[in-house]
Amino acid sequence: MDLLEYQGKQLFARHGVPVPSGAPATTVEEAVAAADEIGYPCVIKAQVQIGGRGKAGGIKVANDRPEAEEHAKAILGMDIRGHTVHEVWVEAASDIASEYYASIVFDRSAKRPLVMLSTQGGMDIEEVAERDPDAIARLHVDPLLGFQDFHARRLAFEAAVDADVVRPVGALLNRLYDAFTAEEAMLVEVNPLIVTGDRQVMALDAKVTLDDSSLFRHADNAALRKTEAEDPQERMARERGLTYVKLDGNVGILGNGAGLVMSTLDVVAQAGGSPANFLDAGGGSKAEAITQAVEVILSNENVTAVLFNIFGGITRCDEVAKGLIEAFRQIEPDVPFVVRLDGTNDKEGRALLAEAELPNVHTEATMLDAARRVVELAG
Amino acid sequence: MSILVDNDTRLCVSGITGREGTFHTLNNKGYGTNVVSGVTPGKGGQDVEGIPVFNTFHDAVAATGANTAMIFVPPRFAADSILEAEDAGIELIVAITEGIPAHDELRVYNHLSHNDRVRLVGPNCPGILSPGKANVGIIPAAFFSAGNVGVVSRSGTLTYQIGNELAQRGFGNSTIVGIGGDPVPGSSFIDILALFQEDEETELIVMAGEIGGSAEEEAAEFIAEGVTKPVVAYIAGFTAPPGKTMGHAGAIVSGTAGTAVAKQEALEARGVRVGRTPTEVAEIAAEIAGSLAR
């Protein structure tokens, strides 16, 4: 789960990472009240989960109350590359002397957290990495040992931060590591990490990705999810415990097991079709889950045909067939279905479907034939 | 021969008294796996259809000589159970549990790396099947027979699909290993490829990868340097959009890293043939097996 900038800053603040003072606002009135409280000049920042907010006009400095009102009006409700701004963060303007970069990444390849520090902050770090890889100091941390003061010193000296801020930058990294482990993040990124005119060090931005699998023990973090920013179909699926990702095409897809579903999308694409979604009904799905999955798939209006591709291991094909039959009874879909059932109880499943004589349901014996057929029917 | 599980396997199941745990334990036992014990804290002294249950792994190992553990407990207890099994001297730990927090997996991996006698397979994996010998996990064994193709995969059902296509062309398997779809798998493609390379029965290796991470690229490098047996690969997720997790916690394209195209190119650049569909993988395998026979 990705956090908004201000949620990330509030999380940082809980772990002692210095951040500018600020307040969130969802209306112009709230934003102006917050600006009055914080004082001028202040910055009004659009809260959306996409980069390039500044270029899109989503970050503005207000020098007085009328400017705060003007900017809040302009930013709230604006569209930034497909993301509507529902919320702004009003923050005290900072006096920036230097812009650094700091991040901690869950490095899957090394199986260790990777801490990075650079004095070339404020721009796209991937560009820096390409142009001048030596400008980024990197260090892997043994998670059983944790982040030590010497780690911080090594990074600060290697990145060549200004001598007078070696200590506060190190302290910030230390607290950032605390936040990374305590909140079970996959990524914490500060760009820019600033040094102010009076030599204070603070996080001017915050990008935080939390591990979805850990949210059961972080109820406060789980509550940060902004459901209005979520796609309605994806929300519907999540609430029903289904793994669903919406895509741009018109072929609805249901399968069991993430790898097989990904493979099904690929095979449909190779057959000339365009998948409308990824939906993994999971292992051992019962009929009811299948019925709900059909509802989710058909709630996307772009869908013109649906493919069921099941290889039953712990999933039983007769349960899948029952779920589909029940879905037809409840929803009466008006698009064609292609069904391929193999594996546990496949004969029983196919027999149930044959007996039910559902309108516009076609069975195919193999994954490839099923993909070709559904592409034909989807038009 | 086969790898990891065979007639010497003595299995102890953590979470044996849960609904799923009981079901799959009995399934494994019915297949012929030597299931010697189970662990459920507080239920020591009970049994599951004759399989004795213990409070701790230490008790189970002492009383029944278990050398392999299968982890079937819910995510919040799974890391602890893996660490307990290792502490009790278990040599092979197969973790089926899906949804273990990534930081738990990180701690477990780094701790286990200090003990070179233990191997973890999974988590979030379907387990390991050596047809005709032992089945540890949830792989539907009925679709597979003994033979000379080793299979290693990040995905369960995709393994069944590919395995079935191979079976239809007359192939059996030495061992099928699901390494799981999580960000920090206990065993990588490389670990399992090395075992297949050493295994006399395995003549051909099929590896099924997917988007996310760099395990396939690392495997490509390893194959070029140290695997002399033919390897056929498959990669799932060519149509996956960046930034979206495709079902498995580990299956996500972030930025330009972890795409299916990059993985395919890395493998092909080192001479590994990559099938574009599960069917094509089986066709390539058949072609290679034909030339091996001559």
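If you're wondering where the values come from, they're calculated on a predicted model, not measured in any experiment.

**Student:** Whenever I open this one, the overall build of chain A confuses me. Can you help?
**Tutor:** In terms of helices and strands, chain A carries 13 helices and 18 strands. Viewed in the frame of its principal axes, chain A has a C-alpha envelope of about 80 × 50 × 40 Å. Each of the 379 residues in chain A was classed as buried or not, and the buried ones make up 54%. Here the contacts in chain A between residues at least 6 apart in sequence split such that 69% fall between residues at least 24 apart. Looking at chain A as shown, the accessible area adds up to about 16,000 Å², and 47% of this sits on carbon and sulfur atoms.

**Student:** I tried to follow the overall build of chain B on my own but got confused; where do I start?
**Tutor:** Secondary structure assignment for chain B yields nine helices and 14 strands. Relative to the compact-globule value of 19 Å for 294 residues, chain B shows a C-alpha radius of gyration of 19 Å, a close match. If one aligns the C-alpha atoms of chain B with their principal axes, the spans along those axes are about 55 × 45 × 30 Å. Counting across all 294 residues of chain B, residues that qualify as buried make up 59%. Of the accessible surface of chain B, which amounts to about 10,500 Å², a share of 49% is contributed by carbon and sulfur atoms. Chain B carries 18 positive and 34 negative side-chain charges, and their two centres are separated by 4 Å.

**Student:** Explanation requested: the sheet that holds strand β4 (residues 51-54) of chain B in the structure shown.
**Tutor:** Hydrogen bonds along the backbone pair up the strands of a sheet, which may run parallel or antiparallel. All names here are of chain B. Ordered in space as β3-β4-β2-β1-β5-β6-β7, the seven strands form an open sheet in which the pairing is mixed. Among the strands making up the open sheet, the edge pair consists of β3 (47-48) and β7 (119-121). Relative to strand β6 (residues 92-95), strand β5 (residues 68-71) runs parallel, the two sharing four bridges. Considered in β6, the bridge of M70 is made with V94.

**Student:** Looking at this model, I keep getting lost on the confidence of the model for chain A. Mind explaining?
**Tutor:** One rule of thumb: low pLDDT means the predicted coordinates there are not for detailed reading. Within chain A, residue pLDDT values average 93, and 99% of them lie at 70 or more. Put simply, helix α8 (residues 232-239) of chain A is where chain A has its lowest mean pLDDT, 84, and helix α6 (residues 166-182) of chain A is where it has its highest, 98.

**Student:** Looking at this model, I keep getting lost on the pattern of salt bridges. Mind explaining?
**Tutor:** If the charged atoms of two oppositely charged side chains come close together, the side chains can form a pair. All names here are of chain A. In this structure the tally under the stated criterion is 35 salt bridges over all chains. Two residues, D369 and R372, come together in a salt bridge whose shortest N-O distance is 3.7 Å. Taken together, the positions of D369 and R372, both in helix α13 (residues 367-378) and three residues apart, correspond to about one turn of that helix. Of the residues examined, R372 reaches a relative accessible area of 49% and is grouped as partly exposed. The structure contains a network of salt bridges with shared partners spanning E5, K9, K45, R53, E91 and D205.

**Student:** Hey, could you run me through the packing of helix α5 (residues 149-159) of chain A against α6(A) in this one?
**Tutor:** Geometrically, a packed helix pair is captured by the angle between its two axes and the distance between the axes. Residue and element names in this part refer to chain A. Contact geometry for α5 and α6: axes closest at 9 Å, N-to-C directions at 125°. Compared by their axis directions, α5 and α6 come out oblique. Of the two elements, α5 crosses α6, and the hand of that crossing is right-handed. Here D149, A152, L155, A156 and F157 of α5 come into contact with α6, specifically with V166, G170, L173 and N174. Per-class residue counts for the contact of α5 with α6 are six nonpolar, two polar and one charged.

**Student:** Any chance you could explain the environment of L193(B) here in plain terms?
**Tutor:** Residues and elements named next belong to chain B. Mapped onto the secondary structure, L193 falls in helix α6 (residues 189-198). The spacing of L193 and F222 is 29 residues in sequence and 8.6 Å in space, taken between C-alpha atoms. In contact with L193, other than residues within four places in its own chain, are I205, M207, A219, F222, I223 and V227.

**Student:** So what exactly am I meant to see when it comes to the nonpolar core here?
**Tutor:** Soluble, globular proteins show a tendency: their nonpolar side chains are buried together. Core analysis: the biggest nonpolar cluster contains 92 residues, and L166(B), M207(B), M246(B) and L267(B) have the highest contact counts within it. Among the elements that make up this core, the one with the highest residue count is helix α9 (residues 258-270) of chain A (seven residues). In terms of nonpolar packing, the next biggest core, distinct from the first, is built from 43 residues, L3(A), A102(A), V165(A) and V184(B) among them.

**Student:** Help me understand the sheet that holds strand β9 (residues 134-137) of chain B, please; the structure alone is not making it clear to me.
**Tutor:** All names here are of chain B. The mixed open sheet is built from seven strands, whose spatial order is β9-β8-β11-β10-β12-β13-β14. The two strands at the open ends of the sheet, each matched to only one other strand, are β9 and β14 (273-275). The mean angle between the axes of side-by-side strands here comes to 20°, regardless of whether they run parallel or antiparallel. Here strand β12 (residues 204-210) pairs with strand β13 (residues 231-236) via six bridges, running parallel.

**Student:** How do you make sense of the interface of chain B and chain A when you look at a structure like this?
**Tutor:** Where interface size is quoted, it is often the accessible area lost as the parts come together. Counting from both sides, the interface comprises 52 residues of chain B and, opposite them, 46 residues of chain A. Together, the buried faces of chain B and chain A total about 3,900 Å²; carbon and sulfur atoms form 64% of this surface. The interface formed by chain B and chain A holds two salt bridges in total. Residues E234(A) and K244(B) are paired through a salt bridge, measuring 3.2 Å at the closest nitrogen-oxygen approach. In this assembly, chain B and chain A are joined by 15 residue pairs in polar contact (both at pLDDT 80 or more).

**Student:** What exactly am I supposed to notice about the pairing of strand β8 (residues 127-130) of chain B here?
**Tutor:** Within a regular strand, the side chains alternate between the two sheet faces. Residues and elements named next belong to chain B. Of the two faces of β8, the one carrying G127 and L129 and the one carrying I128 and S130 are both buried. Across four bridges, the pairing between β8 and β9 is antiparallel. The residue bridging S130 from the neighbouring strand is A134, located in β9. Where β8 folds back onto β9 in an antiparallel hairpin, the turn is made up of three residues, including G132, whose phi is positive at roughly 85°.

**Student:** Can you walk me through unusual backbone geometry in this structure?
**Tutor:** Excluding glycine, most residues fall at negative phi; most peptide bonds, likewise, are trans. Between N191(A) and P192(A) the backbone carries a cis peptide bond, its omega angle lying at 10°. Note the cis peptide between G122(B) and P123(B), where omega equals 5°. Along the chain, P123(B) turns up in the loop between β7 and β8. For E332(A), which is not a glycine, the phi torsion comes out positive at approximately 50°. One can find E332(A) in the loop between α11 (317-331) and β17 (337-343). At L4(B), a position not held by glycine, the phi torsion is positive, near 70°.

What counts and what doesn't
Residues numbered from 1 in each chain as written. Chains lettered and ligands numbered in written order. Predicted model: local features only at pLDDT ≥ 70, side-chain atom pairs only at ≥ 80, totals over all residues. Heavy atoms only, no water. Helix = DSSP H or I, 4+ residues; strand = E, 2+ residues; numbered from the N terminus. Buried < 20%, exposed > 50% of the residue type's maximum accessible area, 1.4 Å probe, protein only. Contact = heavy atoms within 4.5 Å. Areas by Shrake-Rupley, 256 points an atom, 1.4 Å probe, with all protein chains shown as cover. Rg over C-alpha atoms; globule rule 2.2 N^0.38 Å. Lys, Arg positive; Asp, Glu negative; His and termini not counted. Charge placed at Lys NZ, Arg CZ, Asp CG, Glu CD. Pairing = 2+ DSSP bridges. pLDDT = per-residue confidence, 0-100. Salt bridge = Lys/Arg side-chain N within 4 Å of Asp/Glu carboxyl O. Axes fitted to C-alpha atoms, helices over the stretch in contact; angles between N-to-C directions. Parallel < 35°, antiparallel > 145°, perpendicular 65-115°, else oblique. Left-handed = near helix turned anticlockwise from the far one by under 90°. Nonpolar A, V, L, I, M, F, W, Y, C, P; charged D, E, K, R; others polar. Core = buried A, V, L, I, M, F, W, Y, C linked by side-chain atoms within 4.5 Å. Buried area = accessible area lost by both parts, 1.4 Å probe. Polar contact = N/O pair within 3.5 Å; in protein donor to acceptor, adjacent residues only side chain to side chain.

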